[in-house]
Amino acid sequence: MEILVRNGFVFDPLNNINGEILDIAIKNGKIVDSSEINVSKAKVIDASGKTVMPGGVDIHSHIAGPKVNTGRLMRPEDHYVSFMKFIPGVRRSGTGKTTPSTGIIGYRYARMGWTTVIEPATPPLETRHTHEELDDIPIIDKACFPLLDTNWFVMKYVSEKDYEKCSAYVAWILEAIKGYAIKIVDPGCAELWSYGRGYNIDIDDQIPPYNVTPREIVRTLCRVNKILNLPHTIHVHCNRLGIPGNYETTLETMKSVAGIGDGVNIHVTHCQFNAYAGESWPTLESGSESIARYVNKRGHVTLDIGQIIFGGATTMTADASFEFALYHMYRGKWSSKDVEAESASGIVPIKYKRKSLVNALQWCIGLELALLVENPWKVLLTTDHPNGGPFTRYPWVISWVMSRKAREEVLKTINKKAYRRAILPSIEREYSLYDVAVMTRAAPAKLTGLSSKGHLGVGADADVAIYDINPREINPSRDYDKIIKAFRYAYCTIKNGEIVVMNGEVVKTIYGKTFYVRVEGMDELKSRVKSEVVEKFKEWYSVDIRSYEIADDELRNPCSVMVKALR
Amino acid sequence: MLSNGEGIKVSIMGEVILTPKEVFKVLIDAETISPDKFAGKTINQIKSLRVYEGGRKRALSDLFNIEGDAGSSPQEVSIVINGDVGKVSRIGELMTAGKIIVNGNAGHYLGFRMKGGSIEVKGNVRMWLGAEMAGGQIEVYGSAQDYVGACLIGKRGKKGMKGGTIIIHGNAGSEIGFSMGGGTIIVDGNAGSLPGVGMMGGTILIKGGCIGKAGARMTGGRIIICGDPGDILPSFYIDEVRPNIKVAGVTYQGPFYTFIGDVLADVKCLGRLMVRNIPSSQQMYINKILS
């Protein structure tokens, strides 16, 4: 199918296009030069007076996996309030607001103009389930990051300081379970959780069975990442998440990998939860300034904000000990799990309240991070769905970073003490549409190494979002309502060369690809490590290694990304 | 107590009579059958109100013969349904005033979240009778199924019935008054298992017996069981013996053995379980404590 998107204001930061009026030509699921298509036969979409951007890329959104499913089961009340109807031949049905059904996750992302989403935490043992769910999510392209920090094999190699073997193991497991990058969650704590500990573990505390420290784990995996030349950096959820005073731990984590390899080597995810100053909850203060200063000064760190949204949320993380503490704060529902030799997880549904000092400050800190980090290429937009709030609230977050007036509207309603303590009321900066295109599209695509995503150059995947925003007429800082409306319901979303959303409604169900990494090289070492793994597997796991590995044909539409190991 | 149907017919209220056209085969979602939705509408507007028959959109007149005319405000509307509407769910949802009389059986979610007015059913009703209701009165001459005056699954806190009265002249099913925070449920017959589970306030009076586990996880309110209470949970402790108890203006003669609990849910033990007959297995032990 040939499509021509005509006369739109194109924002394509990776190709340095800032609001120029251009035509985008699409043929066979790729973007091509306008001369290659037959205009008389092509479907022409008139985008004059509208904004054309590449399809959105969400780097951190818990959309699939056993913990998401447990969240769904735990929260029937979340599913009474929100639903999408079945339309025969067009779309499937589904329910849920913070923990939506697999079907409507894809539709809601597409409706906002997002086309690539990454599930950022899956225990390798449960990844078959994750892929089953990812396969069931329509429209979007996906990938998943396996949790490797508390894996016993990794901890063993870390304690032996055997980077080569650790690299070979990571290379093997990424291919075996079809993962994309290394996810680190509160390094080491999941192991301590099986002893009933793990809360408030700092970066230099010992993790018992192998006597390694979180610092060693992060440093080793960062080095492994560079040895394997993986497309994405290590994806780190720092220690002491959600504990006042944790911004120092976050800074220590960033500093610990400074100087390993060139370029960006660490991505600190949902940084808002890791940017608290103060000694206790009543004395909580914002630590965003120190973190932003470090990120501005040094080039090796990227962040995503993990903005919270006032209202209901379902926290779900592999940081099980923190969830246990959270359960004691809220006294509601709680679920916890220990995943054999690999990880742990916990789920607690919570509600963020405007009048709560802590919640109001959390709201400010997320936006402070987005606004104090000068370079939008270094700070990405997420809500850590569903921990900070549902991803369907991205349009509001966009309006807050684009408009000081929109922020002030909310600041008027929040806790007064939080208002006085926050830095946010004094920040004047406002993002432009180009900056928003950077933070939601170009930067995450560049950071995850998905070279065919996040831009509209010739050869890119034909993932295009068209919004009803005329950048010459709309002033985002004043007309933030229009920005919210436009981003909530995209005028048109094109995925893989097919029109999937028109006028804010889903018109077609298609299924995207699942990306995973395949590392070339190190064959001899890999087979040696594999035989070691096979030997230990019988001892450490309840399943056979043949059931652990996932074959290509088990995925609906696998797409391998080849990388070459440096050694 | 409500007046019977005859009395209403002679009143000055606007009356709308619905008669089912056929025996319904699939469940019908009819939250539009409510005095609030009928008030101020002409008969033709009422006929075109939307209902869902098994997920398919239908007009109210496709399923019912409709006659009479509605009053201008909900207080003046009385809806009479002549026939079996056992498959019709959500009748009287969110109603604030007026009357509904069902001369037959009624379906699920009768009086769901209702705030006022009254509903009278001459036959049986299915599950979720008066779920999450905040006020008004429901009287059922037959039996009710499970989750009378309950909250929907998954919600926390005082999200069940908050006020009003439900009177069931027949039997009731399991988990009546699930998470209720106020109001009164009176069952003339027997109840199933777990009456008043997670209860936080209000009163449940069961004139017959129940299968057992009354008041599990309760943190407030009172459950009175005049017949055989089944087994009493070990997390309830005998507190006193009361000679009589007054519920909704009527005094019931005892003696009532009063238990406090549920200690597993809240150590303050604000819940009260009052039974006239204690199980024979526990009789000796309880008499020993009381003496």
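Here, residues in each chain are numbered from 1, in the same order as that chain's written sequence. By the order in which they are written, chains take letters starting at A while ligands take numbers starting at 1. Where totals are concerned, whole chains, interfaces and linings use all residues; where local detail is concerned, this predicted model gives features only for residues with pLDDT of at least 70, and gives and counts side-chain atom pairs only at 80 or more. Remark: hydrogens and water are excluded; side-chain values derive from all non-hydrogen atoms of the structure.

Q: For this particular structure, what's the right way to read the overall build of chain B?
A: Secondary structure follows DSSP: runs of H or I at least 4 residues long count as helices, runs of E at least 2 residues long count as strands, and numbering of each begins at the N terminus. Summing up its helical and strand segments, chain B has 5 helices and 19 strands in all. A compact globule built from 291 residues should have a C-alpha radius of gyration of about 19 Å, and chain B, at 20 Å, falls within 12% of that. Taking the principal axes of its C-alpha atoms as reference, chain B extends roughly 70 × 40 × 30 Å. Here chain B, with 291 residues, has 54% of them falling under the buried criterion. Residue contacts are counted whenever heavy atoms from the two residues lie within 4.5 Å of one another. For chain B, the proportion of contacts with a sequence separation of at least 24, taken over those separated by at least 6, is 41%. With residues, only the protein chains shown are counted as cover, and all accessible areas are computed by Shrake-Rupley using a 1.4 Å probe. Here chain B displays about 12000 Å² of accessible surface, and carbon together with sulfur accounts for 51% of that area. Only four residue types enter the charge count, namely Lys and Arg as positive and Asp and Glu as negative; His and the chain termini do not. A charged residue contributes its charge at one atom only: NZ of Lys, CZ of Arg, CG of Asp or CD of Glu. The distance from the centre of the 32 positive side-chain charges to the centre of the 25 negative ones in chain B is 5 Å. Throughout, the radius of gyration refers to the C-alpha atoms, and the reference size of a globule is 2.2 Å times the residue count to the power 0.38. In this scheme, a residue with accessible area under 20% of its type's maximum is buried, one over 50% is exposed, and one in between is partly exposed, where area comes from a 1.4 Å probe on protein chains only.

Q: Help me understand the overall build of chain A, please; the structure alone is not making it clear to me.
A: From N to C terminus, chain A includes 18 helices and 26 strands. Taken over the C-alpha trace, chain A has a radius of gyration of 22 Å; the compact-globule value for 567 residues is 24 Å, and the two agree within 12%. Principal-axis analysis of the C-alpha atoms places the extent of chain A at approximately 65 × 55 × 45 Å. A buried classification covers 65% of the 567 residues belonging to chain A. A separation threshold of at least 6 residues defines the contact pool for chain A, and within that pool the share at least 24 residues apart is 78%.

Q: Hey, could you run me through the packing of helix α12 (residues 394-402) of chain A against helix α16 (residues 480-488) of chain A in this one?
A: Between two packed helices, the angle of one axis relative to the other and the distance separating the axes together describe the packing. Residue and element names in this part refer to chain A. For helices, the fitted axis covers only the stretch in contact; all axes are lines through C-alpha atoms, and the angles between them, taken along N-to-C directions, range from 0 to 180 degrees. Two numbers describe how α12 lies on α16: the axes approach to 8 Å, and their chain directions differ by 145°. Seen along the crossing, α12 lies across α16 with a hand that is right-handed. Of α16, the residues touching α12 (which contributes Pro395, Trp396, Ile398, Ser399 and Met402) are Tyr480, Ile483, Ile484, Phe487 and Arg488. Here the nonpolar group is Ala, Val, Leu, Ile, Met, Phe, Trp, Tyr, Cys and Pro; Asp, Glu, Lys and Arg are the charged ones; every other residue, Gly included, is treated as polar. Here the contact of α12 with α16 is built from residues that sort into 8 nonpolar, 1 polar and 1 charged. Helix crossings get a hand from a simple test, with the near helix turned counterclockwise from the far one by less than a right angle marking a left-handed crossing and a clockwise turn marking a right-handed one.

Q: Just to check I follow, could you spell out the interface of chain B and chain A for this structure?
A: The parts lose accessible area when they come together, and the size of an interface is often stated as this lost area. Facing 6 residues of chain B, the contacting portion of chain A comprises 8 residues. What counts as a salt bridge is simple: a side-chain nitrogen of Lys or Arg found within 4 Å of a carboxyl oxygen of Asp or Glu. Our enumeration of links across chain B and chain A arrives at 0 salt bridges. Counted as a polar contact is a pair of N or O atoms within 3.5 Å, where, for protein atoms, one must be capable of donating a hydrogen and the other of accepting one, and residues adjacent in sequence contribute only when both atoms are in side chains. One can count 2 residue pairs in polar contact (both at pLDDT 80 or more) joining chain B with chain A. Each residue belonging to the side of chain B that touches chain A can be placed in one class, and the counts come to 3 nonpolar, 1 polar and 2 charged.

Q: Just to check I follow, could you spell out the sheet that holds strand β13 (residues 266-268) of chain A for this structure?
A: Neighbouring strands of a sheet are bound in pairs by backbone hydrogen bonds; such pairs are parallel or else antiparallel. Residue and element names in this part refer to chain A. Pairing between strands is defined by DSSP: at least two bridges between them are needed. Spatially, β11-β12-β13-β16-β20 is the arrangement adopted by the 5 strands of the open sheet, whose pairing is parallel. Bordering the open sheet on either side are β11 (183-185) and β20 (379-380), each of which pairs with just one other strand. In terms of strand pairing, β11 meets strand β12 (residues 234-237) through 3 bridges, oriented parallel. Within the sheet, the bridge partner assigned to Lys183 lies in β12 and is His235.

Q: Would you mind showing me how to read the pairing of strand β16 (residues 301-304) of chain A here?
A: Every other side chain in a regular strand lies on the same face of the sheet, so the side chains alternate between the two faces. Residue and element names in this part refer to chain A. Alternating positions in β16 separate into two faces, Val301 and Leu303 on one and Thr302 and Asp304 on the other, with burial throughout. As defined by bridge partners, β13 adjoins β16 across 3 bridges and the pair is classed as parallel. Bridged to Ile266 within β16 is Val301.

Q: What should I look at first to understand the pattern of salt bridges in this one?
A: Working definition: two side chains of opposite charge can pair if their charged atoms are close together. Overall, the coordinates contain 40 salt bridges over all chains when judged by the stated rule. Glu132 of chain B is the salt-bridge partner of Arg113 of chain B, the closest N and O atoms lying 2.7 Å from each other. Taken together, the positions of Arg113 of chain B in the loop between β8 (99-103) and β9 (118-121) and Glu132 of chain B in the loop between β9 and β10 (137-140) put the pair 19 residues apart, joining distant regions of the chain. Judged by its relative accessible area of 31%, Arg113 of chain B falls in the partly exposed class. Note that Lys155 of chain B is salt-bridged to Glu132 of chain B, the shortest N-O span being 3.4 Å. Highlighted residues: Lys155 of chain B in the loop between β10 and β11 (165-168) and Glu132 of chain B in the loop between β9 and β10, separated in sequence by 23 residues. Note on Lys155 of chain B: relative accessible area 22%, which makes it partly exposed. Each of the salt bridges in this network shares a partner with another, and the network as a whole consists of Lys30, Asp141, Lys453, Asp461, Asp463, Lys495 and Lys513 of chain A.

Q: Would you explain the nonpolar core in this entry?
A: Among soluble globular proteins, nonpolar side chains are generally buried collectively. Core analysis: the largest hydrophobic core is formed by 154 residues, its most contacted members being Tyr109, Ile291, Leu303 and Trp363 of chain A. No other element matches the 11 residues that helix α11 (residues 357-372) of chain A contributes to this core. In this structure Trp363 of chain A touches Gln307, Ile308, Phe310, Trp400, Arg407, Val410, Leu411 and Leu424 of chain A, once residues within four positions along its chain are discounted. Buried Ala, Val, Leu, Ile, Met, Phe, Trp, Tyr and Cys residues form a nonpolar core when they are joined through side-chain atoms within 4.5 Å. Of all hydrophobic cores here, the second largest spans 74 residues; its members include Ile46, Leu110, Tyr147 and Ile225 of chain B.

Q: I keep staring at the environment of Ile238 of chain B and nothing clicks. Help me out?
A: All names here are of chain B. Here Ile238 lies in strand β17 (residues 237-247). Given a relative accessible area of 16%, Ile238 falls into the buried group. Put simply, Ile238 and Met274 are 36 residues apart on the chain and 9.5 Å apart in space, counted from C-alpha to C-alpha. Excluding its chain neighbours within four sequence positions, the residues that come into contact with Ile238 are Tyr257, Thr258, Phe259, Ile286, Ile289 and Leu290.

Q: Mind showing me how you'd approach unusual backbone geometry here?
A: Glycine aside, residues mostly have negative phi, and peptide bonds are mostly found in the trans state. Cis geometry marks the peptide bond from His385 of chain A to Pro386 of chain A; its omega dihedral reads -5°. Residue Asp262 of chain B is reached from Gly261 of chain B by a cis peptide bond, and omega for that bond is -5°. With respect to the helices and strands, the residue Asp262 of chain B is situated in the loop between β18 (250-261) and β19 (271-275). Even without being a glycine, Asn496 of chain A presents a positive backbone phi close to 55°. The class for Asn496 of chain A is partly exposed, based on a relative accessible area of 29%.

Q: Can you help me understand the packing of aromatic side chains in this one?
A: Working definition: an aromatic ring pair is given by the centre-to-centre distance plus the angle between the planes. Whether two aromatic rings pair depends on their centres lying within 6.5 Å, for rings of Phe, Tyr and Trp, where Trp uses its six-membered ring; planes under 30 degrees apart make the pair stacked, over 60 edge-to-face, and the rest tilted. Counted by the stated rule, this structure contains 24 aromatic pairs over all chains. Measuring from centroid to centroid gives 6.4 Å for Phe145 of chain A and Tyr180 of chain A, while their planes differ by 25°, and the two rings are stacked. With Phe145 of chain A in strand β10 (residues 141-146) and Tyr180 of chain A in the loop between α5 (163-176) and β11, this pair connects stretches of sequence that are 35 residues apart. As far as burial versus exposure is concerned, Phe145 of chain A and Tyr180 of chain A are alike and both buried. Seen from their ring centres, Tyr109 of chain B and Phe112 of chain B are 5.2 Å apart, and the 75° between their planes marks the pair as edge-to-face. Overall, the relative accessible area of 6% leaves Phe112 of chain B in the buried class. Criterion for a charge above a ring: Lys NZ or Arg CZ within 6 Å of the ring centre, and within 35 degrees of the ring normal. Of note, Lys50 of chain A hangs over the ring of Tyr491 of chain A, and the distance from its end group to the ring centre comes to 4.4 Å. Positioned above the aromatic ring of Trp396 of chain A, the side-chain terminus of Arg393 of chain A is 4.4 Å from the ring centre.

Honestly, that's just the spatial picture; any functional story needs more than this.
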